[in-house]
Every structure is written in C-alpha cells, then in structure tokens.
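Residue-level structure breakdown
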Amino acid sequence: GVVGPENRRMMSLSLVKEKLFSLFYVVNEECSRRGSGPWTFRLWILINIIDALQVLRVLFSSRYGWSLAVVSVAKSLNVIELIISLGSTIPRIVFYAVGHILVSSAVACAFLIIKTYQQGSSQPQWPIRILTLMITCLLFTFFTSFLGWILFPADCGLSDEDSFSTIMHGETTPCTPWGVREFGPTLLSILISAIFIAISLITSFLCFEVNPISQRVMAACTGRVELLWTVLRAVCSVLGLLTYYFPASICATVVFLLAAALMHYHWTFMPFHDLTDNMVRGGVYLSVAWAALVSILISAVADPNAPTSGSVFALQWICVVFVPVVFCVGLALIYTRHRRLLEKIKLLRREWEISPEYKARANGRRRRSAASSLVQSISKDSAQSNDANPYAKATIFDRFFDLEFEAARAFESEAHAHLLARIILLERNKSDIPFLSFVLKRGLFEFPESRDLIILNLLLMRIFVKAQAIHQTSAHERLIETLRDRIQLDYEYILFASQRGSGQPDASGSTSKDEVNAYQMLEFELKFDKVQKLHHDCILALKKFWQMLYKHKKIFRTKKKYSEHLSEKVEELLLCMEIIEASKNAAYEGYRTLLEKFPRSISLLRSFAGFCDDVLNRSAEAAQYRDQALMLESNGDSEPSIASNQDDEDRNFADDLEAAVAAKSTSSSEGTTRAKMDRFFASWRESVMGRELRKLKTLHWRIFNATLLIILVCTVGFVLTDSMLYEQWAHASINLVVGAQIFRVDLMDALYSIRSLFLAGTLDPKSVPGYGARLDAIAQRFASEHLKNFQDAPAAVVGYYNAMKWQAVFPFGSLWTQTRMSLWTLGNEFASQIGLASGIKGADFKNWTNQLEGSSPGLRAAAYIYENTVQYVLPAYEGLDQAYIDQVLSFGSLTQTMVMVNVSVNVVLILLVAAHVLRSLDGMVYVVQHQRVVMLMVLYCTRASTKKIFSFYEEADKALTELEEGGLMSVDPTEEPDRASPRGQGDDDRHGHTSVDDDSRRPTSAAWEDDDGLGSRAGEGDRIDPASDSDGTDVDGPNNDDDCDDGGEAIHSPREASRTELGENPQRSQRLRRSSSPEARAPRGRGSPERSERHLIDIQGHRGEARATGGTSSTSLEASSHEAVVRAQALARMRSAPKTMMSLEVLVTQRRPWYAQRPVHVVTLAIILSLCIVSVVIPSRNISAMVNIPAKRNQAGRRRFLHRACVHFARELVLGDGLSRLNSAELAAALRWSLEELKVADNAVRLGNTNGVSSGADQGLGSFDHNAFVYAPGCPWRQNETSQINCTVPSRPQMVVNGLFGLLLAFYDACESILARNLPDAWGDFLRPPQNCSVMGSVRLNPDKVKLLETDSDLAFIIESFDGDLFQALQSVERVLEVEQNAIFEMVHFEGRLLYGIFIALLCVLFYFTIFRNTLLGSKEEIQRTLQFLEHMPYSVLEKQDAEVLRTFFLEREYDLPIHEQIRAETAAQAATASAIIMHDSDQETSK
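Along each chain, residues carry numbers from 1 onward, in the same order as the chain's sequence is written. The predicted origin of the model limits local features to residues at a pLDDT of at least 70 and limits the giving and counting of side-chain atom pairs to 80 or more, whereas totals for whole chains, interfaces and linings rest on all residues. To get the side-chain values, all heavy atoms of the structure are used, and hydrogens and water are removed first.

**As for the overall build of the protein chain**
Put simply, the rule is: In this text, helices come from DSSP runs of H or I with a minimum length of four residues, and strands from runs of E with a minimum of two, each type numbered from the N-terminal end. For every residue, the accessible area obtained with a 1.4 Å probe (protein chains only) is divided by the maximum for its type, and the residue is called buried under 20%, exposed over 50%, and partly exposed between those limits. Contact definition: two residues touch when any of their heavy atoms are within 4.5 Å. The Shrake-Rupley method, run with a 1.4 Å probe sphere, supplies the accessible areas, and residue values consider only the shown protein chains as cover.
When helices and strands are counted, the protein chain shows 57 helices and two strands. Burial statistics for the protein chain: of 1488 residues in total, 53% are counted as buried. Long-range pairs, those at least 24 residues apart, make up 80% of the contacts in the protein chain between residues at least 6 apart in sequence. Approximately 66700 Å² of the protein chain is accessible, and the part contributed by carbon and sulfur atoms is 59%.

Dropping the structure here:
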C-alpha cells in the first residue's frame, strides 16, 4: 500500500531512535567494562567532586556580588584553571578552538559508531573508546569549564580575563559579542554549545545501567536524575553569562530552584546502585543548592557600584566556609534515608513471613534455586485466565466498600516501592528472591500502572530466566503489551537494551565465545542473514534455471521437434548461471568467514551443512557439520555453561569432535547412492576438457618462448644500434673529424707566427721569445694531435696514414729535394720543422735570406715550412678530413641497413606470433567458455534428468523457506533437534546421510556395485527401445503435456530418489512397461527420421562390432547400439534448434571478458607491431642529422683555417718582401683562393647544400643559439656581458657589429679591398714547385709598407681578426655546433630508449600479462568453472543412463565444434544415413 506522511514520519522517528539506542547501547556496554575496584571507585568520587567544584566556581563569581578575594579562592576550585595558573598563561582562544575540535570529534565518532553498528562490523572499536573517554571527560568531569570554553565569544561577565572583543580589536575595547566582527564567532559558539548541550542531555538521559544487578561504579537505574543535573550545570553556565544582561539574583534563584528539585528527585529515587555514590551525589547537590541560595542573598545585599563592606565580606566568607558542612549534611541525609528504607524492608519482611505463601513454602521445604523461585511466582501468575490481569487495579466499587484500602498501603508511592525492591536486590542475598517477588507483586498490586515496577519485573525475568523461554510466556507478552502504550524514551531504550542484551549470553555459547559484545553479536546476525539470503538466492536461481530447461524440453516433446521457444530464454538462462555462480561463491566465502570466527555456532553449522548438501553436493562434509551441531547441542543441554572457559578444553573438545564426526561420516557415507555417484564422476573427471587444458598449456609455452624471442631480438638490435652505432662508432667518427681540424689551423698559425717572429726581431726584439714560445706550442700540439689521431684512426684511415703517396721537398745544400713519404711521417716532420723554426736567433733576423746555402737551421726550417705548407701538407690533411667524412657516411649507410634488418626481423616475428595467437585463441576461447559448455550440456541431457534436478532444487527451496519462516536463529537450544529444525531427520535422509545399517537394508542394484561407481553396461532389462525418445518415454505418450508441478508421471522426488538405487527406479520400470505396450510396439513409418537415424546407428554399431571382433555375441552389439542411440538422440536434441544455438553463440561472445575479445587481441598486436616499427624508425630519422653534423663541423673548421689563411696572405701581399717565398702574383692568387673558399665554407655552415653539408646551422636543432651568434647585434661570443651589447672593434671603433655575419661581411670587404689595391697583371701559381730564390737575395722590410699595417684600416682590421673577435666568434659557433651535436645524440638516445621501453612494456605487460596470459588463465578458469558446475550437480537423483549421457558429452567432446560446423556435420550425417540404408538394403538382397 501507499505509505502516508504520518506513517513516513513514524518510520523516520523509529529509525532515528534505533540508531540512537544502538549508539548508547554500545557506549554503555563499553562503560560497563570498567573495573569496580577500590581505585576505580575513588577515581569516580574525585570526578564528582571536580565536577561540583566547577559549578561552585561559576556561582562564586563577581557577577553574583562576591568579593574579589572569594572569587580568587573560587578560581582555585576549577582544576583546569589551577593547573594553568601554575604554568604559563595560555590564551583563551586556544581553549575555544580546542572546544570546537572536541565537539566535532565526538559527533564524528558517534556517527562512525552508528554506521559501523548498522553495517554489522566489529571493527574498528577505537571510536567507542574515544567517545567513552570524551563522555567521561567532557560530560562527567569538565562539563562546566568546557561549556565556558565554547561560549568564550559571548562571555562578558563570567570571566575576569580579556574578552573576545579585546583579541579582535585591542585591549581597551569593551566586550561587544554582537559586533560586526564578533557576530560570526559568537553565533558559531552558540550553535556549537547548543549541539554540545543537546548531546550532553541525551547522553545523560540514556547513559544508565539497564542491568539492575550491575556492580560497576556509578551504575544507575535511570538517567532522569543525571539529566536534571546536566540541565542544572548547563543553566548555571548560561545564566552566568546572562548576568551581564539580567539581575544576578534572578539568575541565582533559577539555579536554586533547579538544585532543590534535583535534590528532591535524588532523595526520592536514589538512582545509583551503590550507597556511597548516592551519598556523594547528595552532598554535591545540596552544596550546589546552598551556593545558589547564598548567591541570592549576596547579590541582594551587595552593591555592585560600592566596595564590599566588612559585614558583607564576613558574611561571604561564612557562607563559603559552610559549603563543606552542607556537603556533609547531604551525606547524612542520604544515609538516613537509606536506614529508614531498611527499616521499612524489615516491616515488609515480617508481613511476608506471616503470609500463607511463606508458611506453605516453609512447610513444604522445597529445594529450589533463586531463579526457579521467581520463575514459579511469575508462572503462577501467568497460569491464571487470559482475561484476568494479575496486577489489576481495584475498581471504584471495591475501593468504596474497602475502608482499609488506603490504610493498608505498604508503599508511599510507586517510586518508594521501586526503591525498596532495588535495595532488596542489591543486598545480594539469594534467599531474598521470594521476598523480592512478594515486594514486586505488592507494589504492582498497589500501583499497577507503575512503569518502573513493570520494567524492573521484566528485567528480573530476563535475568533469572533464559530469554528464549521468556519470549514464550504469556506474562512476558502482557508486560510488553502494557509498556507499549504511551511508553517513554528511556523505557523504550530499556526494552531495546534488555532485548539485545538478553541474547548475548546465549550467543556467547552459540558463537564459541565466553562473552560477546554488541558489535560481535550484531556482526554475526547481519552477516549470517546476508549469507542465508545468498544461499536462498542460489537455490532459487538453480531452481529457475532447471525449470526453464525442463519446460523447454516438454515443448519439444509435445511438438515433436526442438522448439525455438528457448532462443528467447537464452539470455535469461545465462543470467541465472551468473547469479548461481556469484551467490554460491559469495555464500561459501561468507560461511567460511563466519565459521572461522564462530566455529561453534549451531545454527551456522546447520545452515552450512544444508548449503554443502543442496548447492555444493558435498554430502560427507555436510554430514560432518550436522554431527558437529548435534554434539554441540547435546553438550549445551548437559552442561550449564554453553561455552568453555579454557582454550585448551575447547581445543581438545574440537579435536575429539572432528575425529568422531569424521569416523561417523565415513562409515555412514560408504555404500550410499551419492558416494557411488561421486566415485562414478571421479572416474571420468580428469578427462573432462583435458585436451583443451593441454592445448592451452602448449599454447602458453609457445607464446611465452616467442615473446622471449621477440624481446631478445629487439634487445640485441636495440643494443647494437643504440650502444654501438649511435654511441661508440658515431662518437668516434665525429671526434676524429673534429680532432683533425686543428692541423689546418695550426698550419696557417705557423706561417703567420714565423712572419710575426721576423717582424718582432726586426722591430721589437723584446717580443721575440713570445713568438718563439708560440711556435714551440704549435709544434707540440701538432705532434700530440697527430699521434692521437693516428692511434684512434679506424682501419680504413690507417691505410691513408701509411700510404706512401705524399710528396714533400727538403733543403739539401742549396737545392730542394722532392721525397715521397706517408702522412704519418709528413706530419711528424712538419712538427719538428716548426719546432726548429721556433729557435731562430737574433742574428738571423738581420741576415734573413731566401738562399738555402749558408742558412741557419732555423731559417732552413722556415723555408721548409713556407715551401711545403700550402703546396703539400695542407692538401694532405684536407684529404684526411675527407677520409673521416667518408667514414661517417659509411656509418650512416650501415646504420640504415641495420635499422631495416632489425625492423624486418621484428615484424616477421610479431606477425608470426599474431597469426598463431589469433588462430589458436579464437577457437580455444570459444570452445571452453563455461556458459556455452554448460548450456550445450544441459541441452544434451534428457527431459527426465532436468525434471529430477529441478524437483531436487524445488524441494531444497521449500525446506530452506520453512527454515527461514520457522526462525532457526531464535529456537531454544534445549529443544529436540526434530522440533528445532524443519529438516529433521528427513533432511539427512534426503541428502543421503544415513547409517550403515539403514543403507544395508535397502535393495541395491548390481549394476552400481563396482568400485568405480560405474557398474556394468545395460543388460537385457536395461536396454532402451529404439522407438522410444531420449529419456525412454514414448513421444506420443499420454503424459507428455504435464507441466513442472504435475505429478502424473512417475518421477520420484529427491527424497525418494536418494533412498532408491538407480537400478530399481520405478520411473524406469514404468518406461519399460510403456515400451512393451502394444502402442509402443506399433511400427513406425519408413520415412520417419527417428527410425532412419536409429536404424543407421544400429547398423553402424553392428558393423563396427563385427569388424572389431570378427563376429561377437548379440549382447555386445546391443550395448554398442544402445550407446550409439543415446548419443545420436542427444546430438539430435542439441542440434535441432539452430536459432537457439546461434543466439547462444552471440550472447556468450558478448559475455567474454574484454581481454578475451578478438578485436582486443587484433588491436593489441597491431599496436605492438606499430610500436616495434616506430621504436626503430623514429630514432633512425636522425641518422641524416648525425651524418650531416660532422660535415658541418668540418666546414666550420675549414672556415677558421681559411680565415687565417686570408689574414696571412693579405699581410704578405702588402709587405711583399719575399719572406713567404712567393711573389705578388702568387700571393694575390692565394688570397683570392682563400677568400673564395672561405665564402663557400661559410655558406655551407650556415645554409648547407654544398661541400657535403645537407642542412645548414640556420635551420638545425641548434638554430636558435647559432642565429643568436651569427645574426644578432653585438658580440655574444665575448665573456664580458657589457661588451656583448656595446660591441666595437679597435681598428674600426665606429663600425656597428651585427654578429658574426656582419664581421664576416666586413672581413670580405677588407680582403677584397686589399686584393684590389694589389691586383697583379696576371694571377700566379701559388702551388708551384719550390725554388731556390737566390735571385731575391736578402729579405728586407720596407718601412712604408710596415706602417701600412697600422695606418691602413682594412689591413689593420684583417690582421686584428687573426686572434680577435672574428676568430673568437668562429670558435664560439663551433661550440654551438657541438651543443647541437650533443642534442641530436641525446634526442636519438632518448627517443630510442623511450620507445624501446614502451614497446617492451606493452609487449610484456599489455600483450602477454594483461591480454594473452589473462585470456589463458580465464580459459582455464572457465574450464574449472565447468568442472565445479559438474561437481555441484546432484547426481544422486539421476539414473544410470542419464549419467552416461553426461559422460558421453564430455568424452566425445560434443562441445568442440562451432555452430556452423555442427550444422554441416548434421547435413553430412543425414547423407551418410541415406547411403548407409541403401548399402544395407543392397547387402540384404545380395545375401538373399
């Protein structure tokens, strides 16, 4: 129906109360675990005193008119303020923040406890401890101080310290809690304080001890007095703040009235179980009332605007001193009250002793326990008529005529009666139990509507009598019904807590624990309910699954063909299978988890035994758990304590129990039908899908080895490419190219330095040593680099070094002699000649001559250098650089070839693996899918098999439903097992758990007596008529149209099937009778497909047997024919519905895991193939850049030596003194050649596409830095940052430098200017053979030309650039090219290693582990799921031929062919049938 708003509100209110009760139930239970020793008692006395002193601290404040001296003494009453005052001063804002944090933490812990309690989990338990500690500290100890912390922003009168406003605005600011800046914190503090007060009130109201015999410290029977005490403390704190707005006397009056009411309630109820607790609280309450009373007096007589007079001051101190006296008076009052109550109890005892009941008890002298006395008294009341109320109130008529009714009252009020009963109970005397019963009955007679007395009576009934028995008593029901009428909150909580706690002692026995708490009890209940629901869901899903199959097979039998009706149910069947598996696994795990925690729970053992029997088909295990439950029940009945108190005894008991159960279950299960069927299944279990498992294992190792091979090949190729080609060979080749550049520069430097040495010796002799040292350094550097290059040269370049093809001229006497030598010798000789030239002396400068005869060794060395450098040495080293460039080009070709080979091999391997994986897995995954195999198997089964299995699960569902409705969890453990469980002994019989004697008395079939559980083949009586259908019944029989619930067909229920052997099944006998009837023996038409097919199978069976044995007995032929008939009929059932089979194929394919889908495999292999290619090809795209960078750096080196060549030839052309051993025409030609080559080399470096450079530096990887050096204004190559921007050249101070390119253009112009001014008539040959030059005579400088070196701006600019900005800029550009080279190599290594790592990761992680391996593991899991489904099938309800059908299905691997192949096989079988019939007819005619 529709739930109305009122009902929704009631439901919401009930839900809130349930959560609230559960919270305080676990908190009170945690508090009950506190010790009850003397130190715990002293601690709680101290807590009560500290709590009272804080209230007195608030009342003794200046706002009530008390003097500062009294206030200062009152501050020491607050323990927190006292502790703080002893140490450093802590700002109140800190306590304000701490208060908010603690309140938030308490609320969070409360919600966490409620959530955990509702979830039924016993972990975590730390929130309970934290909340209990907070309640103890914040509610019972420091409530007043803590509330003052929270209300700090609104405190303007209670505290003498700085207010919140002074913190916000300054020290002199008045307290304005509702100011603009203070409004938010004040409102928040009021909100938090309201939450805290509300929580405290509820906690005080419900944090009491429900158990009336509890002995813990501060145990109280009600929370109403504690609630009033919390209200008093909260009002006292809040009114202390309101004294800033209202008169203090009014506030003190309110506090006094509350304190007086509190003292009255405490006097009336005395709620605590211990007398000392009541006395201490009485003293506290009276002291607070005294403090409030004297505060009224002081606030009335004190003048707040005038100083305190002496009399008022004395009065104040007198009032303060009387506080301990008043406390002692309160103690005495409560003690006196208790003594009077004891005297009243004595009077009631005398009255009871003279009552007839007491005399009858004394005369009978019956020995009874205290508990049985109370039970009997209650039972006697409940034995009265149902209409009579044992506690009925006297009517007005009776009271009118009963003149002594008021005088005969034994109790002053219902609270008086309740208090007397509690005092009697807390005397802890067992002999007082009958007297207590008398007092309760007397009190309920006088006050029949007293809820306190009814509650106390109910609690005592639940304490002294087991809760299970109490639940069945009429007195208990009437008490509960009476309480439900307008019940109050604390009474509802008492009912909740007592009902929850009454089951815990019994639960401790049923859960193998000495004592269980609320969390553990709730965890067991909720998890057990969940597991039982999963158990029932599994049974329902199994029932529905087999019901749909049974109905489908019935439709087939009615229509005489396989109906396509099932095609619409395939998805529903698959969904049922998923539900079966999920609920079965979840229920099994839940049962195992509960059994680990609660191994001695009787209800759990019984439920799990049913699960093992109905779902798991494990009869032996089920029998063990049932026997264990029975032994626990018998142990619980014979011993008063259900749970053992010692772990050793539990362990010994469990060992003995397991041994006994195992022995009993083993002996009882031998020879049973289920044991035989288990042996029968075990005989062919290993062959179920064994071929597929072997295929999967073989495929796994093949792909594993192929994956390792791919990784090995890829790793070898990557290491060769990355470590050897890109790292070693490339760097070695480039380093040789870079190292050879120094030779050409040193050649020009040597020529230039000799000229500078001559000029220094002629013009500035002091600078001669410097130039000599420079030449010596050039010689040493040249020799060392020449040796290093020769040692590092590869084999191809070593031949270049050793080839005797280089010419040189040596001075012998006055002539030049031409000699052939190797480059190695030429380089060494040139370095030695430079060293000789560095030793030219001062006399040589004056007598410098070009004639060889008579020249000093230094001059002869200078002549050697001038004659050989340009003509012979320079071309040799140019050729060396070209040889190194050729090595780099060969490296590039080798790398490209290596990359292509690596890619080709990897691609071939991956394609082979992909083809093998796709070809193998596509059919393998489809064949072994659990849902497909199971569906084909059940379609392969007969109709009788499906109906028997359906009936089995239908009865299991009924039995489980009866258990749930009967409430197994609430059954009295003392009851007999037959009455406690709806299954009873019949349940054991249904599951085949019987004794040996019972089993031996049953008739058994000889066909099932073999050890393998299989028995012999069907004999004469077991043979099925070929004219019958798959299950042996007539297709046109009269009982084929019955539905699942029809009992017309003689099929036994699971109970009967488990008690009847397969060979003597009445159903089978009925089918044999049908087959022998005249209707069954009626001949069929020749064209019947059933006749043709069976006829073919009979013929093939006879022929096969005849060929194998050469003519055997008719029995063997009939058995073979029978097997063939069964298989053909099963295949006909399975293949006669192509739409259903195609629907099954589509749905099963859709339900494959994502990693088993064919598109996933295709995409993954395609990604791996692409990444394999990319990981090699992408880094190889930089091979051209790697080959180009050495050529570019070679041209950059040539640019440097050509620049110096231009400087040298320009200076020699201007001087023209014959020192260079060239004339003006030859020098002009040399200058022109150097300048043109410099321009070509510069274009090659910058722009590329010439001199072997494919790409210039302007567009390279380091183009940004290069262009900044070449084209940006300024001189970025200089070290000084200021000179980089304001860049000038000393020879041309007015020239604006625009980078290296601007300097080069200026250099070109200067060289062309020098060349234009010294242009010869004809160009000479500067590469001519050497001459003696004796006609030139001595070398003499022309002073005018020497001055041009300084006065000619072009020449000065050219000479300055030799070591100046232009040369430095060219060197800086080479460093930029080196950075670009390193960046290229880093990018190559990074890309290659990154892509290789991604490729290997994808190959291993994505393809092998995630896709392929999970697919194989999933396929193996599918096979295991199929085996598990077979193991869990109830074989005991099947007949022999039905079980043979299942075995044939798996042994013949009928599930292996795909759908289209099955259809083709069916067509071929029909054609073979026709041909076989023709051949058979012809053979018969021939024989005739």
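**So, the confidence of the model for the protein chain**
Heads up, the condition is: What pLDDT expresses is the predictor's confidence in each residue, scored from 0 to 100.
Residues with a pLDDT of 70 or more make up 70% of the protein chain, whose mean pLDDT is 74. Helix α43 (residues 1078-1081) is the least confidently modelled element of the protein chain, averaging 34 in pLDDT, while helix α49 (residues 1224-1246) averages 92, the highest of any element. Across residues 466-473 the pLDDT falls below 50, and counting only partners more than four positions away or on other chains, this stretch makes 16 contacts in the model. Confidence drops under pLDDT 50 across residues 505-514; counting only partners more than four residues distant or on other chains, this segment forms 33 contacts.

**What about the pairing of strand β2 (residues 815-821)?**
Keep this limit in mind: Strand pairing follows a simple DSSP-based rule, namely that at least 2 bridges must link the two strands.
In terms of strand pairing, strand β1 (residues 806-812) meets β2 through seven bridges, oriented antiparallel. Paired with V809 across the bridge in β2 is Q818. What sits between β1 and β2 in their antiparallel hairpin is a turn of two residues, with G813 showing a positive phi close to 70 degrees.

**Remarks on the pattern of salt bridges**
When the charged atoms of two side chains lie near each other, side chains of opposite charge can form a pair. Here is the rule: Any carboxyl oxygen of Asp or Glu that lies within 4 Å of a side-chain nitrogen of Lys or Arg is treated as forming a salt bridge with it.
Counted by the stated rule, this structure contains 42 salt bridges. R774 is paired through a salt bridge with D749; the nearest N and O atoms lie 2.9 Å apart. Note that R774 is positioned in helix α31 (residues 768-792) and D749 in helix α30 (residues 741-763), a separation of 25 residues in sequence. You can call D749 buried: its relative accessible area is 5%.

**A closer look at the packing of aromatic side chains**
The description of an aromatic ring pair uses the distance of the two centres, along with the angle that the planes make with each other. In plain terms, the rule: When two rings of Phe, Tyr or Trp (its six-membered ring) have centres within 6.5 Å they constitute a pair, described as stacked for plane angles under 30 degrees, edge-to-face for angles over 60, and tilted for the intermediate range. A ring has a charge above it when a Lys NZ or an Arg CZ is no more than 6 Å from the ring centre and no more than 35 degrees off the ring normal.
In the structure shown here, the tally under the stated rule is 38 aromatic pairs. A ring pair is formed by W1154 and Y1155, whose centres lie 5.7 Å apart and whose planes are at 80 degrees; its orientation type is edge-to-face. One aromatic cluster is present, formed by W701, F704, F1407, Y1408, F1409 and F1412 through successive ring pairs. When the ring centre of F435 is taken as reference, the NZ or CZ atom of R349 above it lies at 4.5 Å. The aromatic ring of Y752 is capped on one face by R1211, whose charged end is 3.8 Å from the ring centroid.

**Quick look at a nonpolar patch on the surface**
Stated formally: Grouping into patches uses exposed residues only, defined as over 30% relative accessible area, and leaves out salt-bridged ones; the cut-off is 9 Å for like charges and 5 Å for nonpolar side chains (Val, Leu, Ile, Met, Phe, Trp, Tyr).
Together, I318, F322, V325, V329 and L333 line one region of the surface with nonpolar side chains, adding up to about 400 Å² of accessible area. By the secondary structure assignment, I318 is in helix α13 (residues 310-353). Overall, the relative accessible area of 46% leaves I318 in the partly exposed class.

**Some remarks on the nonpolar core**
Keep this limit in mind: As used here, the term nonpolar core means buried Ala, Val, Leu, Ile, Met, Phe, Trp, Tyr and Cys residues forming a set that is joined through side-chain atoms within 4.5 Å.
Among the nonpolar cores identified, the biggest contains 243 residues, and F545 and W546 are the most heavily contacted of them. The element best represented in this core is helix α35 (residues 857-927), accounting for 30 residues. If we skip the residues at most four places from it in the chain, F545 touches L573, C576, M577, I580, V934, M935, V938 and F1429. If you look at the next biggest cluster of nonpolar residues, it comprises 73 residues, including L239, A259, V294 and A302.

**Describing the packing of helix α48 (residues 1183-1215) against helix α53 (residues 1343-1351)**
Working note: a packed helix pair is described by the angle between its axes plus the distance between those axes. Heads up, the rule is: Note on geometry: axes are lines fitted to C-alpha atoms, helical ones only across the stretch in contact, with angles between N-to-C directions running from 0 to 180 degrees. Every angle not falling under 35 degrees, over 145, or within 65 to 115 is termed oblique; those three ranges are roughly parallel, roughly antiparallel and roughly perpendicular. All residues other than Ala, Val, Leu, Ile, Met, Phe, Trp, Tyr, Cys, Pro, Asp, Glu, Lys and Arg, Gly among them, are scored as polar; the first ten of these are nonpolar and the last four charged.
At a minimum axis separation of 9 Å, α48 and α53 run at an interaxial angle of 140 degrees. Put simply, α48 runs oblique to α53. Where α48 abuts α53, its residues R1211, V1214 and L1215 lie against K1345, V1346, L1348 and L1349. Taken together, the residues of the contact of α48 with α53 break down into five nonpolar, no polar and two charged.

**What to know about unusual backbone geometry**
A positive phi is found at M689, a non-glycine position, where the angle reads about 55 degrees. Within the element layout of this structure, M689 appears in the loop between α28 (673-685) and α29 (690-739). Residue M689 is classed as buried on the basis of its relative accessible area, which comes to 0%. In this structure, N1249 takes a positive phi of about 65 degrees despite not being glycine. Looking at the element boundaries, N1249 is found in the loop between α49 and α50 (1263-1270).

**Topic: helix α18 (residues 433-446)**
Here is the rule we go by: Expected span of a helix, by definition, is 1.5 Å for each gap between consecutive residues, and there is one gap fewer than residues.
Taking 1.5 Å of rise per residue, 14 residues should cover 20 Å, and α18 covers 20 Å from first to last C-alpha, within 8% of that figure. Most of α18 is tucked away: 12 of the 14 residues are buried. Buried within α18 we find I433, P434, F435, L436, S437, F438, V439, L440, R442, G443, L444 and E446.

**With respect to the environment of S855**
Mapped onto the secondary structure, S855 falls in the loop between α34 (842-846) and α35. Put simply, S855 and D844 are 11 residues apart on the chain and 8.5 Å apart in space, counted from C-alpha to C-alpha. Ignoring anything within four residues of it in the chain, the contact list for S855 reads T849 and R860.

**Details of the packing of helix α2 (residues 38-59) against helix α7 (residues 143-150)**
Contact geometry of α2 with α7 gives a least axis separation of 7 Å together with a crossing angle of 50 degrees. Classified by the angle between their axes, α2 and α7 sit oblique to one another. Residues Q54, V55 and V58 of α2 form the contact with α7, whose own contacting residues are F143, T144 and S145.

**Some points on the side chain of S450**
Secondary-structure assignment places S450 in the loop between α18 and α19 (451-464). Those residues in contact with S450 that lie beyond four places of it in its chain are E414 and L444.

**Thoughts on α7**
For α7, a buried count of seven out of eight residues is recorded, marking the element as mostly surrounded by other parts of the structure. F143, T144, S145, F146, L147, W149 and I150 are the residues of α7 that are buried.

**Overview of the environment of V1162**
Mapped onto the secondary structure, V1162 falls in helix α47 (residues 1158-1180). Separated by 248 residues in the primary sequence, V1162 and A914 place their C-alpha atoms 7.9 Å from one another.

**Concerning the state of the cysteines**
Working definition of a disulfide: a covalent bond connecting the sulfur atoms of two cysteines. The line we're drawing: When the sulfur atoms of two cysteines come within 2.5 Å, that pair is taken as a disulfide.
Under the criterion given, the structure shown has zero disulfides. With no disulfide of its own, C714 has C1172 as its nearest cysteine by sulfur position, at a separation of 4.5 Å. C1311 takes part in no disulfide bond, and the closest cysteine sulfur to it belongs to C1206, at a distance of 4.8 Å. With relative accessibility at 0%, the residue C1311 sits in the buried group.

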